[in-house]
Amino acid sequence: MEEFWRQNGWNIAYRHKMPGRSGQFASLDDLPLHRVAIEYLRRNYPSGIYRHQREAMDAFCRGEQSCMTTGTSSGKTLPFLAGAVDLLANSPQSKVLALYPMKALGYEQEERWQSALEDSGLKALVGRIDGDVKSKDERIRILTQCNVVVMTPDVVHAWLLPNVGEPKIAKFIRAIKMIVVDEVHTYTGVFGSNSAFLFRRLHHLNDQLGGSYRYVCASATMNDAHRHLTELFGVEFTVIDSSSDSSPRHEMEIQLISPPSTSDFLTAIAHMLLAVSQRFNRFIAFTDSRKQTEHIATILAREGQSDDGDEYDPQIRTLLTTLDILPYRAGYEEYDRKVIQDRLTHGNLKGVISTSALELGLDIPGLDAGVLLGVPYSSTSFLQRIGRIGRQRPGSVFVVNAGSLLDDLVFRTPELLFERPLSESALYLENGQLQYIHALCLARVGGEHDQLGFEVSEDEISLSTTVAWPIGFREMCRRERTGEIPVDYHTLKQQGGDRPNIVFLLRDVESQFQVELPHGPDMRRLGSLSYGQVLREAYPGAVYYYATTAYRVTKVDMTKRLVAVRREKRYTTTPATIPTKIYPNLSEGNIYSSSRYGELLVIECNVQLQDSVSGFKERRGRTETATTYPLPANANIYFRQHLFTRYYFSSGVILTHPILLATGVNLEVIAGLLYEGYLMTIPFERRDIGFGADRHRNERPGISAGSKFLSLFDQTYGSLRLSGRLAETSTLQAVLKQALDILDADDAGAFPPGVRLIVETFWRDSLVSPQDHLISSDEVAATLDENAIPVIKPGSIGLAIKKGNQEVTIDDVFYHPIKGLSYRVKYVSTAPSAENGMDIIWSVAEIGAISGVSEMAIYDTSTGRVL
């Protein structure tokens, strides 16, 4: 690549060679496995197995729960397969449940399982159950006939456990003797916390049915793996870490490179990837942006064609089977994803451009080059990505400066690339909302426990004593049985009803939108997006890309959760976003902590958040135009509001200081700096944390209306209070110190002088001993008599909580004979004709006020008047 760098103005900032090493083998002698398993290993590994594999097999033979946390491509799958062969050779009626966090990974691993069992000579079958297997009869057939069943945790939660009353499902759960859990490091945040309760529920049901099983797990290298495993599964583990890793690896060269400043970034990346594809056998490129994945692949797809923006219109599936370089990301339709995945695993793609979706253990043969667009934010992610490279031959990795603060910091101090922290587990098992959701699933009358058919008490259930339950969960189950649930969870109870496993999914699932293209009398499905992704990629008027093909968004139906599109030329659009509006809830019961450090006030509290798009910029060739909402009627795109908006509820940390009013610095920049410092200090998932700046809208003790604040907040439903660590003194100081380090490295002057003044002021104040600061005292509510109920004033706005927090205008407040005190409303985002003249009525409890925005009034129940 040296000639390419010179000719195209790229700069090499740093080179580093990671030496290779030869493998060291351990003997299979005296390994107490069944003869069939020993023969399988000797046949496939005649030189022996690696030391960490032997240690994992020894732990398996001792009956221990075990997990390998060795490097990528170190052979962590072997103990899964050999352990299963041993188990099934000794006990043919036993079942192995193999759990993978993504359908794509389960799809690929199913073939490896089947191949291993066939090679062992066992007459054992493998089946896979995920969202693609929709027939109940087919699912039951797989459970009954197959010895190894591949699933995602999502299917276990949403289908297997809530149907444990089915005799064949109960028989399968009782017969499980081994559970394989791969990619354990991905079980963090919302998904990991929910899964921790799921694993305990499965353990409880298996125990009640008279069964027992052991875990055999694998994980990327992570911080304090033993603690993570214990918290995730509730049992003790033997950890085989990288110190035991004796697998071979090829030499790898890592180059830190900066693109030419005179070129469009994505075009420069596309040209570079084309050069990589010509000089290496096969490559993978990682980017953290779905849009970048599509746009770069699109530029490469049209190389050699006219660049006039015309449509290039083979069918999508023709493109997926003919292009040499393809994009890969979450949200593809199942058929399309499988086409890409099959071409990857069979080695007939020249390259792939992927989001983090391919960080996990998909086996992609022949990769000898990797490109990282930006420095990954944790060492775990960095090691996972480069671990894809050079499995069969020496490899090269090119880390591209994408312009982020972390990129600039690492490119100035390259040693940091190898010194940053490993991923840290974030499991919030004492979170009341999560506990209650899983208490509903397991302990409600008619729930999973009751379906076993044993005699149970109406007041409580006896939870399994062979697994450690999170503090408070037993009491939560008792309260659910007796009907003594706290009022905070009444809404969850109502939402969950008799189907909590379906209503409350494992992942941080925002409302999902389906993208559809009219295709004759039918609809062609073009993937799914979360609400947040719609705001970034598929807002009204946007050009949305799917598998290198462009579509124009003509309508976003908020009620049906549908995005309608039509074919479009290969233009690009960028949303005109308004900074997130943050509404701190400083009322009674909504503040977790409040401390004052000198003049710096640090509050962790519940917040309402509003994200908005006001229009978009569109590029057609070299021409760029700006469009603002509402869109004109003749545009054939329906959107008549001034903002495309979503509201959601979460928690966050608010930093208030008088200096924020005394400077003209853009506070969003400072909030972004603290965000970067926070993620460098505690490497949570970037998608789980957001940042912003706003102003206080209400007067509170020590807080003036109009005073400004910075905020980090959770971007997960209901909030797991991940951002709350910032309110801890040690973390606050570490983050501010990290922010100062970033500023020290800012030789290019990216930050205006006022930023340093503010951060230094925060830093000095953070060193002062914190004092508790009392804020909340709902004096207004305390003075109301029993006939006075706070309501949103007619003419003002609120949020329809059960409609995804859609904005509504309050027309009237009245007493409804069934719903009680209620509002008559109109949806702000709905066309007038869509309401068909019908009244839309929500109870007062079903419409949320927007703190500092919704105008409040009093409803007098004695007179029926709004005061």
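Look up: the structure comes first, before these words.
Participant: Account for the overall build of the protein chain, naming residues and giving values.
Facilitator: When helices and strands are counted, the protein chain shows 26 helices and 37 strands. Projected onto the principal axes, the alpha-carbon positions of the protein chain cover approximately 85 × 80 × 70 Å. The buried share of the protein chain, reckoned over its 867 residues, is 57%. Residue pairs at least 24 apart in sequence account for 72% of intrachain contacts in the protein chain once pairs closer than 6 positions are excluded. Accessible area for the protein chain stands at about 35500 Å²; split by element, carbon and sulfur atoms hold 49% of it.

Participant: Which residues make up the pairing of strand 31 (residues 797–800), and what values go with them?
Facilitator: Relative to strand 32 (residues 806–816), strand 31 runs antiparallel, the two being bridged by four bridges. Its bridge partner lying in strand 32, Gly798 is registered against Val808. In this antiparallel pair of consecutive strands, strand 31 and strand 32, the connection spans five residues, and Gly804 shows a positive phi of 70°. Alignment of strand 31 against strand 35 (residues 847–848), held across two bridges, turns out to be antiparallel.

Participant: Break down the sheet that holds strand 30 (residues 788–792) for me, citing the residues and quoting the values.
Facilitator: Taken in spatial order, the three strands of this open sheet run 30-36-37, and their pairing is antiparallel. Whereas interior strands pair on both sides, the edge strands pair on one side only; in this sheet they are strand 30 and strand 37 (865–866). As defined by bridge partners, strand 36 (residues 856–860) adjoins strand 37 across two bridges and the pair is classed as antiparallel. For Asp860, the partnering residue across the bridge sits in strand 37 and is Arg865.

Participant: Talk me through the sheet that holds strand 16 (residues 395–400); I want residue IDs and the actual numbers.
Facilitator: Strands belonging to one sheet form pairs held by backbone hydrogen bonds; the direction of such a pair is parallel or antiparallel. On the basis of which strands lie adjacent, the open sheet formed by seven strands has the order 1-11-16-15-12-14-13 and mixed pairing. Both outer strands of the open sheet, strand 1 (11–18) and strand 13 (325–328), are each paired with one neighbouring strand and no more. Across the sheet, the mean angle separating the axes of adjacent strands is 15° when strand polarity is ignored. Of the pairings in the sheet, the one linking strand 13 to strand 14 (residues 351–354) comprises four bridges and is parallel in character. Pairing of Pro327 across the sheet is with Ile353, part of strand 14. Running over the sheet, helix 12 (residues 290–301) touches strand 13, strand 14 and strand 15 (369–373) and is turned about 165° from strand 13.

Participant: Which residues make up empty space enclosed by the protein, and what are the values?
Facilitator: One pass over the structure, following the stated rule, counts five cavities of 30 Å³ or more. Quantified by volume, the largest cavity comes out at close to 80 Å³. Together, Leu405, Asp408, Leu409, Arg412, Ile742, Ala745, Asp746, Ala750 and Phe751 line the largest cavity. No other element matches helix 16 (residues 405–412), which puts four residues into the lining of the largest cavity. Looking at the lining of the largest cavity, its residues break down into six nonpolar, no polar and three charged. The space that makes up the second largest cavity amounts to roughly 60 Å³.

Participant: Just give me the short version of the packing of helix 5 (residues 103–120) against helix 14 (residues 334–345), but keep the residues and values in it.
Facilitator: Packing of helix 5 against helix 14 leaves a shortest axis separation of 11 Å and a crossing angle of 50°. Between helix 5 and helix 14, the crossing angle belongs to the class labelled oblique. When you trace helix 5 past helix 14, the crossing you get is right-handed. Taken together, the residues of helix 14 that come into contact with helix 5 (itself represented by Lys103, Ala104, Tyr107 and Glu108) are Glu334, Arg337, Lys338, Gln341, Asp342 and Thr345. Here the contact of helix 5 with helix 14 is built from residues that sort into two nonpolar, two polar and six charged.

Participant: If you had to explain unusual backbone geometry to someone new, which residues and values would you point to?
Facilitator: Along the chain, Tyr629 connects to Pro630 via a cis peptide bond; the corresponding omega equals 0°. Among the structural elements, Pro630 can be located in the loop between strand 25 (623–628) and strand 26 (644–656). Phi angles above zero are rare outside glycine, and Asp224 is one such case at about 55°. Considering the arrangement of structural elements, one finds Asp224 in the loop between strand 9 (214–218) and helix 10 (225–233). For Asp224, a relative accessible area of 39% gives the class partly exposed. The backbone phi angle of Thr548 is positive, close to 70°, even though this residue is not glycine. Judged by relative accessible area, Thr548 falls into the buried class, the value being 0%.

Participant: Go over the state of the cysteines with me, naming the residues and quoting the values.
Facilitator: This model, assessed by the stated rule, comprises zero disulfides. The closest cysteine sulfur to the non-disulfide-bonded Cys67 is located on Cys217, 5.2 Å from its own sulfur. Of the residues examined, Cys67 reaches a relative accessible area of 1% and is grouped as buried.

Participant: An account of the packing of helix 7 (residues 153–160) against helix 9 (residues 189–208) is requested, with residue identities and associated values reported.
Facilitator: In contact at an axis separation of 10 Å, helix 7 and helix 9 are set at 55° when each is read in the N-to-C sense. Between helix 7 and helix 9, the crossing angle belongs to the class labelled oblique. With respect to the hand of their crossing, helix 7 and helix 9 are arranged in left-handed fashion. From helix 7, Pro153, Val156 and His157 reach across to helix 9, where they touch Phe191, Ser195, Leu198 and Arg201. The residue makeup of the contact of helix 7 with helix 9, split by class, is four nonpolar, two polar and one charged.

Participant: Go over the pairing of strand 9, please, and point to the residues and values.
Facilitator: When you tally the buried positions in strand 9, you get four out of five residues, the bulk of the element. Note that strand 4 (residues 66–68) and strand 9 share three bridges and pair parallel. The residue of strand 9 that forms the bridge with Cys67 is Cys217. Pairing of strand 8 (residues 176–181) with strand 9, which is carried by four bridges, proceeds in the parallel orientation. Among the inter-strand pairings, Ile179 is bridged to a residue of strand 9, identified as Tyr215.

Participant: I'd like a description of the pattern of salt bridges, backed by residues and values.
Facilitator: Two side chains bearing opposite charge may form a pair once their charged atoms approach each other closely. Under the criterion given, the structure shown has 44 salt bridges. With a closest N to O distance of 2.6 Å, Glu448 and Arg201 form a salt bridge. Placement of Glu448 in helix 18 (residues 448–451) and of Arg201 in helix 9 is noted, with a sequence separation of 247 residues between them. Here Glu448 and Arg201 have matching classes, each one buried. For the salt bridge of Asp611 with Arg646, the shortest nitrogen-to-oxygen distance reads 3.2 Å. Linking Asp611 in strand 24 (residues 600–620) with Arg646 in strand 26, this pair joins segments that are 35 residues apart in sequence. Note on accessibility: Asp611 and Arg646 belong to one class, buried. Here the salt bridges do not stand alone but share partners, grouping Glu475, Arg478, Arg479 and Glu484 into one network.

Participant: An account of the environment of Glu846 is needed here, citing residue identities and associated values.
Facilitator: Examined against the element boundaries, Glu846 turns out to sit in the loop between strand 34 (840–843) and strand 35. Through-space distance from the C-alpha of Glu846 to that of Lys803 is 9.4 Å; in sequence the pair is 43 residues apart. Other than its neighbours up to four places away in sequence, Glu846 contacts Leu799, Ala800, Ile801, Lys802 and Lys819. In this structure the side chain of Glu846 is engaged in a polar contact, spanning 2.9 Å, whose partner is the backbone nitrogen of Ser843.

Each value, and the rule that gives it
Residues numbered from 1 in each chain as written. Predicted model: local features only at pLDDT ≥ 70, side-chain atom pairs only at ≥ 80, totals over all residues. Heavy atoms only, no water. Helix = DSSP H or I, 4+ residues; strand = E, 2+ residues; numbered from the N terminus. Buried < 20%, exposed > 50% of the residue type's maximum accessible area, 1.4 Å probe, protein only. Contact = heavy atoms within 4.5 Å. Areas by Shrake-Rupley, 256 points an atom, 1.4 Å probe, with all protein chains shown as cover. Pairing = 2+ DSSP bridges. Axes fitted to C-alpha atoms, helices over the stretch in contact; angles between N-to-C directions. 1 Å grid on protein atoms, 1.4 Å probe; cavity = no way out; pocket = protein on both sides within 12 Å on 5 of 7 lines; lining within 4 Å. Points joined across faces, edges and corners; volume = space filled by probe spheres on them. Nonpolar A, V, L, I, M, F, W, Y, C, P; charged D, E, K, R; others polar. Parallel < 35°, antiparallel > 145°, perpendicular 65-115°, else oblique. Left-handed = near helix turned anticlockwise from the far one by under 90°. Disulfide = S-S within 2.5 Å. Salt bridge = Lys/Arg side-chain N within 4 Å of Asp/Glu carboxyl O. Polar contact = N/O pair within 3.5 Å; in protein donor to acceptor, adjacent residues only side chain to side chain.

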